[in-house]
Amino acid sequence: MEFFEDNLYHIYNRENNRQPIFFRPENYLFFLKKVKNHLLPHCDILAWCLMPNHFHFLAHTDKRSVLHKKLAGEERNVISEGIRNLLSSYTQAINKQNKSTGSLFQQNTKAKLISNDSNFYGQTCFHYIHQNPMKAGLVKKMENWAYSSFSDYCTRRPDAFTNEELAVTLLGLNIQTFYEDSYKSINNSDLDNIL
């Protein structure tokens with residue numbers, strides 16, 4: 001994966017072999033710690049959601065994001081390497097926990113470049129990420145899902161790692177109408193631009 005400065009990316013991956021990737025509440029929290037260690041040093045996270053069998057991040061890149069490091073004689077982008085380390089170390093921990101072996105995630109993590117032409121697709125992706133648990137029938141209201149950044153924006157969670165100020169600026173979010181806007185339906189035709 002290659003990342004370019006000052007862009008929005010929808011980063012997501014799902015389970016391998018139709019199995020969960022999070023088995024216990026502490027698995028979600030452990031994964032988030034790994035996100036803080038492996039992704040946050042290289043980009044800003046504007047929205048995120050961890051689902052039982054997949055995850056989503058809306059990330060904004062900057063100068064930190066386009067750096068490369070040399071590994072085994074090969075130049076690797078720092079975000080790509082961060083994602084690889086995140087998923088690899090998380091998989092090792094889950095395999096140890098479950099006394100299992102093998103890959104937990106699909107081979108290639110997706111990083112969809114979101115159009116910079118307007119903030120429409122950025123907002124669409126932002127709301128799509130937060131609506132995931134509700135659309136999947138896990139909760140009736142988005143604020144009831146503990147493993148998403150929706151509550152960061154609604155309640156100003158003190159331990160949030162989302163860059164809310166940047167999200168408001170880049171995406172043109174209206175904090176006054178944020179809650180109502182978050183529940184608006186997303187057209188299926190708009191999903192092609194974010195998935």
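In the block above lies the structure referred to throughout.
Everything numeric in this text was worked out from a predicted model, so none of it was measured.

Caption draft 1: How the structure looks around the overall build of the protein. Check the secondary structure of the protein and you find seven helices and six strands. For the protein, the sequential pattern of α-helices and β-strands runs β-α-β-β-β-β-α-β-α-α-α-α-α. The C-alpha atoms of the protein give a radius of gyration of 16 Å, which matches the 16 Å a tight globule of 195 residues would have. The buried share of the protein, reckoned over its 195 residues, is 46%. Nonlocal contacts in the protein, meaning residues at least 24 apart in sequence, comprise 72% of its contacts between residues at least 6 apart. Carbon and sulfur atoms provide 49% of the accessible area of the protein, an area that totals close to 10,100 Å². In the protein, which carries 22 positive and 20 negative side-chain charges, the distance between the mean positions of the two groups comes to 9 Å.

Caption draft 2: Up close: unusual backbone geometry. Located in the positive-phi region is Asn-17, a residue other than glycine, with phi close to 60°. By secondary structure assignment, the location of Asn-17 is in the loop between β1 (8-14) and α1 (25-38). With phi around 50°, Lys-99 is a residue other than glycine that occupies positive phi space. Counting through the fold element by element, Lys-99 comes out in the loop between α2 (78-98) and β6 (110-114).

What counts as what
- Residues numbered from 1 in each chain as written.
- Predicted model: local features only at pLDDT ≥ 70, side-chain atom pairs only at ≥ 80, totals over all residues.
- Heavy atoms only, no water.
- Helix = DSSP H or I, 4+ residues; strand = E, 2+ residues; numbered from the N terminus.
- Rg over C-alpha atoms; globule rule 2.2 N^0.38 Å.
- Buried < 20%, exposed > 50% of the residue type's maximum accessible area, 1.4 Å probe, protein only.
- Contact = heavy atoms within 4.5 Å.
- Areas by Shrake-Rupley, 256 points an atom, 1.4 Å probe, with all protein chains shown as cover.
- Lys, Arg positive; Asp, Glu negative; His and termini not counted.
- Charge placed at Lys NZ, Arg CZ, Asp CG, Glu CD.

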